[in-house]
Amino acid sequence: METKKKDIRALTKQQLRDFFVEEGDKAFRGNQVYEWLWQKSAHSFDAMTNISKETRKMLEDNFVINHIKVDQMQRSSDGTIKNAVRLHDGLIVESVLIPTETRTTACVSSQVGCSLDCRFCATARLKRMRNLNPDEIYDQVVAIDNESRLYFDRPLSNIVFMGMGEPLMNYNNVLKAIEKITSPEGLGMSPKRITVSTSGVPKMIKKMADEEVKFKLAVSLHSAIDEVRTSIMPFNAAFPLKDLREALQYWYNKTKNRITYEYVVWEGINDTQEAVDALVKFCKFAPSKVNLIEYNPIDDGEFQQASDEAIDRYINTLEQHGITVTVRRSRGKDIDAACGQLANKS
Ligand code: SAH
(Lines give C-alpha, C1' and ligand atoms only; values in the text may rest on other atoms or scores of the structure.)
Protein backbone atom coordinates (compact mmCIF):
# COMPACT_ATOMS: atom_id res chain seq x y z
CA MET A 1 0.00 0.00 0.00
CA GLU A 2 1.30 3.43 -0.91
CA THR A 3 1.80 5.67 2.08
CA LYS A 4 0.22 9.06 1.76
CA LYS A 5 2.67 11.64 0.48
CA LYS A 6 3.16 14.76 2.54
CA ASP A 7 2.32 18.26 1.42
CA ILE A 8 5.78 19.76 1.03
CA ARG A 9 4.56 23.30 1.58
CA ALA A 10 3.43 22.43 5.08
CA LEU A 11 7.16 22.34 5.98
CA THR A 12 8.98 25.38 7.28
CA LYS A 13 12.26 26.35 5.70
CA GLN A 14 14.15 24.82 8.62
CA GLN A 15 12.23 21.55 8.34
CA LEU A 16 13.05 21.42 4.66
CA ARG A 17 16.74 22.04 5.40
CA ASP A 18 16.68 19.27 8.02
CA PHE A 19 15.03 16.92 5.57
CA PHE A 20 17.86 17.33 3.07
CA VAL A 21 20.49 16.83 5.74
CA GLU A 22 18.76 13.59 6.78
CA GLU A 23 18.82 12.54 3.14
CA GLY A 24 22.60 13.05 3.12
CA ASP A 25 22.38 16.21 1.05
CA LYS A 26 23.23 19.81 1.94
CA ALA A 27 20.94 22.00 4.03
CA PHE A 28 21.32 24.63 1.33
CA ARG A 29 19.27 22.39 -0.99
CA GLY A 30 16.38 23.11 1.36
CA ASN A 31 16.75 26.83 0.72
CA GLN A 32 16.70 26.28 -3.03
CA VAL A 33 13.57 24.16 -2.93
CA TYR A 34 11.92 26.60 -0.52
CA GLU A 35 12.58 29.41 -2.96
CA TRP A 36 11.00 27.40 -5.77
CA LEU A 37 7.96 26.65 -3.67
CA TRP A 38 7.29 30.16 -2.43
CA GLN A 39 9.04 32.93 -4.34
CA LYS A 40 8.74 31.16 -7.67
CA SER A 41 5.46 29.37 -6.96
CA ALA A 42 6.55 26.18 -8.71
CA HIS A 43 3.66 23.83 -9.49
CA SER A 44 5.82 20.76 -9.95
CA PHE A 45 9.19 19.37 -8.86
CA ASP A 46 10.16 19.17 -12.51
CA ALA A 47 10.05 22.96 -12.72
CA MET A 48 12.94 23.15 -10.22
CA THR A 49 15.62 23.34 -12.87
CA ASN A 50 18.63 23.94 -10.63
CA ILE A 51 17.86 20.75 -8.67
CA SER A 52 19.26 17.48 -10.00
CA LYS A 53 16.98 14.96 -11.67
CA GLU A 54 17.60 12.37 -8.93
CA THR A 55 16.73 14.83 -6.19
CA ARG A 56 13.56 15.87 -7.98
CA LYS A 57 12.58 12.21 -8.28
CA MET A 58 13.27 11.71 -4.59
CA LEU A 59 11.05 14.70 -3.76
CA GLU A 60 8.36 13.38 -6.07
CA ASP A 61 8.45 10.05 -4.20
CA ASN A 62 8.04 11.73 -0.82
CA PHE A 63 5.92 14.80 -1.35
CA VAL A 64 3.15 16.48 -3.27
CA ILE A 65 2.70 20.14 -4.13
CA ASN A 66 -0.98 20.80 -3.53
CA HIS A 67 -1.19 23.83 -5.72
CA ILE A 68 -4.55 25.44 -6.38
CA LYS A 69 -5.85 25.50 -9.92
CA VAL A 70 -7.85 28.31 -11.47
CA ASP A 71 -10.70 26.26 -12.87
CA GLN A 72 -12.78 28.93 -14.43
CA MET A 73 -12.05 32.58 -15.00
CA GLN A 74 -14.70 35.16 -15.73
CA ARG A 75 -13.94 38.69 -16.91
CA SER A 76 -16.40 41.49 -16.34
CA SER A 77 -16.91 44.40 -18.69
CA ASP A 78 -15.58 46.64 -15.90
CA GLY A 79 -12.28 44.71 -15.80
CA THR A 80 -13.06 42.65 -12.70
CA ILE A 81 -11.79 39.07 -12.94
CA LYS A 82 -13.31 36.31 -10.92
CA ASN A 83 -11.56 33.00 -10.42
CA ALA A 84 -13.23 29.79 -9.41
CA VAL A 85 -10.34 28.07 -7.69
CA ARG A 86 -10.14 24.28 -7.41
CA LEU A 87 -8.37 22.89 -4.36
CA HIS A 88 -6.47 19.61 -4.27
CA ASP A 89 -9.51 17.80 -2.83
CA GLY A 90 -11.84 19.11 -5.52
CA LEU A 91 -13.57 21.77 -3.44
CA ILE A 92 -14.00 25.22 -4.94
CA VAL A 93 -13.47 28.71 -3.57
CA GLU A 94 -13.42 32.07 -5.25
CA SER A 95 -11.05 34.93 -5.55
CA VAL A 96 -11.54 38.18 -7.38
CA LEU A 97 -9.24 40.73 -8.99
CA ILE A 98 -10.66 44.24 -8.74
CA PRO A 99 -8.88 46.88 -10.84
CA THR A 100 -9.18 50.63 -10.45
CA GLU A 101 -7.12 53.28 -12.24
CA THR A 102 -4.32 53.12 -9.77
CA ARG A 103 -4.68 49.83 -7.94
CA THR A 104 -5.27 46.15 -8.32
CA THR A 105 -6.96 44.57 -5.34
CA ALA A 106 -7.22 40.85 -4.71
CA CYS A 107 -10.26 39.69 -2.80
CA VAL A 108 -9.42 36.26 -1.38
CA SER A 109 -11.22 33.46 0.44
CA SER A 110 -10.21 32.06 3.81
CA GLN A 111 -12.60 29.10 4.15
CA VAL A 112 -14.61 26.76 1.95
CA GLY A 113 -18.11 27.91 2.80
CA CYS A 114 -18.70 29.69 6.10
CA SER A 115 -19.97 28.78 9.53
CA LEU A 116 -21.62 32.15 10.03
CA ASP A 117 -25.13 32.65 8.87
CA CYS A 118 -25.46 36.17 7.46
CA ARG A 119 -28.78 36.05 5.71
CA PHE A 120 -27.82 38.29 2.81
CA CYS A 121 -24.65 36.36 1.94
CA ALA A 122 -24.38 33.70 -0.76
CA THR A 123 -21.48 31.94 0.97
CA ALA A 124 -23.55 31.37 4.11
CA ARG A 125 -25.71 29.00 2.08
CA LEU A 126 -22.76 26.74 1.41
CA LYS A 127 -22.07 26.00 5.09
CA ARG A 128 -18.52 25.68 6.25
CA MET A 129 -16.74 22.67 4.78
CA ARG A 130 -13.18 23.33 5.82
CA ASN A 131 -10.55 25.94 6.49
CA LEU A 132 -8.09 26.86 3.79
CA ASN A 133 -4.42 26.09 4.43
CA PRO A 134 -1.95 28.97 4.44
CA ASP A 135 -0.65 27.93 1.03
CA GLU A 136 -4.14 27.80 -0.47
CA ILE A 137 -4.64 31.40 0.61
CA TYR A 138 -1.18 32.38 -0.62
CA ASP A 139 -1.77 30.71 -4.00
CA GLN A 140 -4.91 32.78 -4.61
CA VAL A 141 -2.85 35.92 -4.11
CA VAL A 142 -0.11 34.70 -6.46
CA ALA A 143 -2.68 33.77 -9.12
CA ILE A 144 -4.19 37.25 -8.97
CA ASP A 145 -0.77 38.89 -8.98
CA ASN A 146 -0.03 36.98 -12.20
CA GLU A 147 -3.35 38.01 -13.73
CA SER A 148 -2.71 41.61 -12.76
CA ARG A 149 0.68 41.57 -14.49
CA LEU A 150 -0.76 39.83 -17.52
CA TYR A 151 -3.91 41.89 -18.05
CA PHE A 152 -3.06 45.22 -16.42
CA ASP A 153 0.69 45.29 -16.73
CA ARG A 154 1.27 45.98 -13.06
CA PRO A 155 1.64 43.93 -9.89
CA LEU A 156 -1.07 43.41 -7.36
CA SER A 157 -1.22 46.35 -4.94
CA ASN A 158 -3.77 45.44 -2.24
CA ILE A 159 -5.39 42.42 -0.66
CA VAL A 160 -8.72 42.18 1.12
CA PHE A 161 -9.95 39.09 2.96
CA MET A 162 -13.50 39.60 1.75
CA GLY A 163 -14.00 36.44 -0.24
CA MET A 164 -15.60 33.31 1.14
CA GLY A 165 -15.36 32.51 4.82
CA GLU A 166 -14.70 34.25 8.10
CA PRO A 167 -10.95 34.91 8.40
CA LEU A 168 -11.01 35.12 12.18
CA MET A 169 -12.49 31.62 12.35
CA ASN A 170 -9.39 30.41 10.52
CA TYR A 171 -7.06 32.73 12.34
CA ASN A 172 -3.80 30.77 12.45
CA ASN A 173 -3.81 29.89 8.77
CA VAL A 174 -4.77 33.41 7.72
CA LEU A 175 -1.92 34.81 9.79
CA LYS A 176 0.53 32.31 8.37
CA ALA A 177 -0.56 33.23 4.85
CA ILE A 178 -0.13 36.94 5.60
CA GLU A 179 3.30 36.24 7.03
CA LYS A 180 4.28 34.60 3.76
CA ILE A 181 2.68 37.33 1.64
CA THR A 182 4.58 40.04 3.50
CA SER A 183 7.85 38.16 3.84
CA PRO A 184 10.71 38.91 1.42
CA GLU A 185 10.83 35.14 0.92
CA GLY A 186 7.26 35.31 -0.37
CA LEU A 187 5.76 38.33 -2.10
CA GLY A 188 7.27 41.02 0.10
CA MET A 189 4.07 43.06 0.24
CA SER A 190 3.52 45.70 2.90
CA PRO A 191 0.99 44.63 5.57
CA LYS A 192 -0.52 48.10 5.30
CA ARG A 193 -1.90 47.03 1.94
CA ILE A 194 -3.77 44.09 3.46
CA THR A 195 -7.22 44.30 5.05
CA VAL A 196 -8.77 41.51 7.05
CA SER A 197 -12.55 41.77 7.03
CA THR A 198 -14.52 40.16 9.83
CA SER A 199 -18.11 39.84 10.90
CA GLY A 200 -16.73 40.70 14.32
CA VAL A 201 -15.44 37.98 16.63
CA PRO A 202 -14.53 39.99 19.75
CA LYS A 203 -12.13 37.49 21.29
CA MET A 204 -10.14 37.16 18.08
CA ILE A 205 -10.02 40.93 17.52
CA LYS A 206 -8.40 41.27 20.95
CA LYS A 207 -5.98 38.46 20.19
CA MET A 208 -4.94 40.19 16.96
CA ALA A 209 -4.43 43.41 18.86
CA ASP A 210 -2.26 41.62 21.41
CA GLU A 211 -0.15 40.18 18.63
CA GLU A 212 0.33 43.68 17.25
CA VAL A 213 -0.50 42.74 13.70
CA LYS A 214 0.25 45.40 11.10
CA PHE A 215 -2.56 44.85 8.60
CA LYS A 216 -5.82 46.76 8.58
CA LEU A 217 -9.11 45.72 10.08
CA ALA A 218 -12.57 46.02 8.55
CA VAL A 219 -15.73 45.01 10.36
CA SER A 220 -18.95 44.09 8.59
CA LEU A 221 -21.29 46.01 10.79
CA HIS A 222 -24.46 46.53 8.72
CA SER A 223 -26.34 47.65 11.82
CA ALA A 224 -25.43 49.23 15.15
CA ILE A 225 -28.68 48.10 16.74
CA ASP A 226 -28.52 44.64 18.31
CA GLU A 227 -32.02 43.46 17.38
CA VAL A 228 -31.60 44.48 13.78
CA ARG A 229 -28.08 43.07 13.51
CA THR A 230 -29.15 39.76 15.04
CA SER A 231 -32.01 39.50 12.58
CA ILE A 232 -29.66 39.74 9.58
CA MET A 233 -26.49 38.28 11.17
CA PRO A 234 -27.84 35.74 13.68
CA PHE A 235 -24.43 35.05 15.27
CA ASN A 236 -24.67 38.60 16.69
CA ALA A 237 -26.79 37.06 19.44
CA ALA A 238 -23.66 35.31 20.71
CA PHE A 239 -21.34 38.28 20.06
CA PRO A 240 -23.46 41.35 20.86
CA LEU A 241 -22.43 44.86 19.86
CA LYS A 242 -21.31 45.76 23.36
CA ASP A 243 -18.62 43.05 23.22
CA LEU A 244 -17.67 44.00 19.68
CA ARG A 245 -17.38 47.65 20.65
CA GLU A 246 -15.18 46.84 23.58
CA ALA A 247 -12.91 44.63 21.44
CA LEU A 248 -12.62 47.39 18.83
CA GLN A 249 -11.65 49.96 21.42
CA TYR A 250 -9.04 47.51 22.64
CA TRP A 251 -7.82 47.05 19.06
CA TYR A 252 -7.48 50.77 18.51
CA ASN A 253 -5.70 51.40 21.78
CA LYS A 254 -3.14 48.73 20.97
CA THR A 255 -2.63 49.28 17.25
CA LYS A 256 -3.66 52.93 16.72
CA ASN A 257 -5.14 51.66 13.47
CA ARG A 258 -8.42 53.17 12.40
CA ILE A 259 -11.22 50.67 11.78
CA THR A 260 -13.36 50.49 8.66
CA TYR A 261 -17.02 49.58 9.05
CA GLU A 262 -18.57 47.91 6.06
CA TYR A 263 -22.20 48.68 5.77
CA VAL A 264 -24.96 47.85 3.31
CA VAL A 265 -28.19 49.85 3.52
CA TRP A 266 -31.25 47.72 2.82
CA GLU A 267 -34.78 48.85 2.28
CA GLY A 268 -36.98 48.33 5.32
CA ILE A 269 -34.10 46.97 7.42
CA ASN A 270 -31.64 49.72 8.26
CA ASP A 271 -32.79 52.69 6.20
CA THR A 272 -34.25 54.73 9.07
CA GLN A 273 -32.87 57.80 10.81
CA GLU A 274 -32.70 55.74 14.00
CA ALA A 275 -30.35 53.31 12.25
CA VAL A 276 -28.16 56.16 11.03
CA ASP A 277 -27.98 57.70 14.50
CA ALA A 278 -27.00 54.37 16.04
CA LEU A 279 -24.17 54.04 13.51
CA VAL A 280 -22.93 57.55 14.26
CA LYS A 281 -22.86 56.71 17.94
CA PHE A 282 -21.03 53.43 17.31
CA CYS A 283 -18.42 55.22 15.19
CA LYS A 284 -17.51 57.44 18.09
CA PHE A 285 -16.26 54.61 20.28
CA ALA A 286 -13.04 54.25 18.28
CA PRO A 287 -11.56 56.16 15.32
CA SER A 288 -13.21 54.69 12.28
CA LYS A 289 -14.61 55.30 8.84
CA VAL A 290 -17.60 53.89 7.05
CA ASN A 291 -17.64 52.13 3.74
CA LEU A 292 -21.13 51.99 2.28
CA ILE A 293 -21.27 48.90 0.07
CA GLU A 294 -23.77 48.44 -2.69
CA TYR A 295 -25.82 45.29 -2.25
CA ASN A 296 -25.23 42.45 -4.64
CA PRO A 297 -28.62 40.72 -4.86
CA ILE A 298 -28.47 36.97 -4.31
CA ASP A 299 -31.67 35.98 -6.01
CA ASP A 300 -34.61 35.67 -3.61
CA GLY A 301 -35.42 39.37 -3.32
CA GLU A 302 -35.73 39.35 0.46
CA PHE A 303 -32.98 41.96 0.67
CA GLN A 304 -33.06 45.04 -1.48
CA GLN A 305 -30.67 47.91 -1.78
CA ALA A 306 -32.19 51.01 -0.13
CA SER A 307 -33.13 54.12 -2.08
CA ASP A 308 -30.62 56.81 -3.00
CA GLU A 309 -32.31 59.12 -0.49
CA ALA A 310 -31.64 56.66 2.31
CA ILE A 311 -28.00 56.37 1.25
CA ASP A 312 -27.71 60.16 1.07
CA ARG A 313 -29.11 60.42 4.57
CA TYR A 314 -26.33 58.14 5.80
CA ILE A 315 -23.68 60.10 3.93
CA ASN A 316 -24.91 63.50 5.11
CA THR A 317 -25.37 62.55 8.74
CA LEU A 318 -22.01 60.79 8.97
CA GLU A 319 -20.26 63.73 7.36
CA GLN A 320 -21.99 66.20 9.66
CA HIS A 321 -20.42 64.26 12.52
CA GLY A 322 -16.98 64.36 10.93
CA ILE A 323 -16.96 60.66 10.08
CA THR A 324 -15.32 59.73 6.78
CA VAL A 325 -17.67 57.84 4.52
CA THR A 326 -16.98 56.26 1.15
CA VAL A 327 -19.39 54.58 -1.20
CA ARG A 328 -18.19 51.38 -2.86
CA ARG A 329 -20.01 50.45 -6.03
CA SER A 330 -20.59 46.83 -6.73
CA ARG A 331 -18.07 45.48 -9.24
CA GLY A 332 -18.39 42.65 -11.69
CA LYS A 333 -22.17 42.59 -11.61
CA ASP A 334 -22.31 40.72 -14.88
CA ILE A 335 -20.19 37.86 -13.51
CA ASP A 336 -21.89 36.87 -10.25
CA ALA A 337 -19.43 38.83 -8.18
CA ALA A 338 -21.19 38.58 -4.81
CA CYS A 339 -19.01 36.22 -2.84
CA GLY A 340 -20.26 32.67 -3.03
CA GLN A 341 -22.36 33.21 -6.12
CA LEU A 342 -19.97 31.58 -8.53
CA ALA A 343 -19.08 28.68 -6.26
CA ASN A 344 -22.76 28.08 -5.62
CA LYS A 345 -23.20 27.56 -9.33
CA SER A 346 -20.27 25.20 -9.65
N1 SAH B 1 -16.71 37.00 6.81
C2 SAH B 1 -16.02 38.22 6.54
C3 SAH B 1 -15.46 38.34 5.14
C4 SAH B 1 -16.31 37.85 4.00
S5 SAH B 1 -17.71 38.80 3.55
C6 SAH B 1 -16.92 39.39 6.85
O7 SAH B 1 -18.06 39.19 7.20
O8 SAH B 1 -16.45 40.53 6.79
C9 SAH B 1 -17.06 40.28 2.87
C10 SAH B 1 -18.03 41.45 2.87
O11 SAH B 1 -19.08 41.26 1.91
C12 SAH B 1 -18.73 41.65 4.20
O13 SAH B 1 -18.77 43.01 4.52
C14 SAH B 1 -20.12 41.12 3.92
O15 SAH B 1 -21.04 41.63 4.82
C16 SAH B 1 -20.32 41.56 2.50
N17 SAH B 1 -21.37 40.86 1.76
C18 SAH B 1 -21.76 39.58 1.86
N19 SAH B 1 -22.75 39.32 1.00
C20 SAH B 1 -22.97 40.45 0.30
C21 SAH B 1 -23.84 40.81 -0.77
N22 SAH B 1 -24.69 39.94 -1.29
N23 SAH B 1 -23.80 42.09 -1.23
C24 SAH B 1 -22.92 42.98 -0.72
N25 SAH B 1 -22.07 42.70 0.27
C26 SAH B 1 -22.09 41.45 0.78
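Residues numbered from 1 in each chain as written. Predicted model: local features only at pLDDT ≥ 70, side-chain atom pairs only at ≥ 80, totals over all residues. Heavy atoms only, no water.

1. Overview of the domain arrangement of the chain
We note that the domain assignment places domain 1 (6–64) and domain 2 (71–335) within the chain. Contact residues are listed per partner, giving 7 residues for domain 1 and 8 residues for domain 2. Between domain 1 and domain 2, roughly 780 Å² of surface is buried when both sides are summed, and carbon and sulfur atoms account for 40% of that area. Considering only the side of domain 1, the residues that lose the most area to domain 2 are R9, W38 and Q39, jointly responsible for 60% of the buried surface there. (Domains from an automatic or database assignment. Contact = heavy atoms within 4.5 Å. Buried area = accessible area lost by both parts, 1.4 Å probe.)

2. Digging into the side chain of N158
As for its position among the elements, N158 is in strand β9 (residues 158–161). Of the residues examined, N158 reaches a relative accessible area of 10% and is grouped as buried. For N158, the side chain forms a polar contact with the side chain of S157, separated by 2.8 Å. Apart from residues lying up to four places away in sequence, N158 is in contact with R103, T104, T105, A106, M189 and R193. (Helix = DSSP H or I, 4+ residues; strand = E, 2+ residues; numbered from the N terminus. Buried < 20%, exposed > 50% of the residue type's maximum accessible area, 1.4 Å probe, protein only. Polar contact = N/O pair within 3.5 Å; in protein donor to acceptor, adjacent residues only side chain to side chain.)

3. Describing the packing of aromatic side chains
Inspection of every chain in the model, using the stated rule, returns 13 aromatic pairs. When the ring of Y261 is compared with that of F282, the centres are 5.4 Å apart and the planes differ by 70 degrees; the resulting orientation is edge-to-face. With Y261 in strand β12 (residues 259–263) and F282 in helix α9 (residues 273–283), this residue pair connects regions lying 21 residues apart in the sequence. K40 extends its terminal NZ or CZ atom over the ring of W36, reaching a point 4.0 Å from the ring centre. (Phe/Tyr/Trp six-rings, centres within 6.5 Å; stacked < 30°, edge-to-face > 60°. Lys NZ or Arg CZ within 6 Å of the ring centre and 35° of its normal.)

4. A short note on the packing of helix α1 (residues 13–22) against helix α2 (residues 27–37)
The contact between α1 and α2 brings their axes to 7 Å, and the two run at 135 degrees. The orientation of α1 with respect to α2, classified from their angle, is oblique. Judged by the twist between their axes, the crossing of α1 over α2 is right-handed. Of the residues in α2, those touching α1 at K13, L16, R17, F20 and V21 are A27, R29, G30, N31, V33, Y34 and L37. Counted by class, the contact of α1 with α2 contains 7 nonpolar, 2 polar and 3 charged residues. (Axes fitted to C-alpha atoms, helices over the stretch in contact; angles between N-to-C directions. Parallel < 35°, antiparallel > 145°, perpendicular 65-115°, else oblique. Left-handed = near helix turned anticlockwise from the far one by under 90°. Nonpolar A, V, L, I, M, F, W, Y, C, P; charged D, E, K, R; others polar.)

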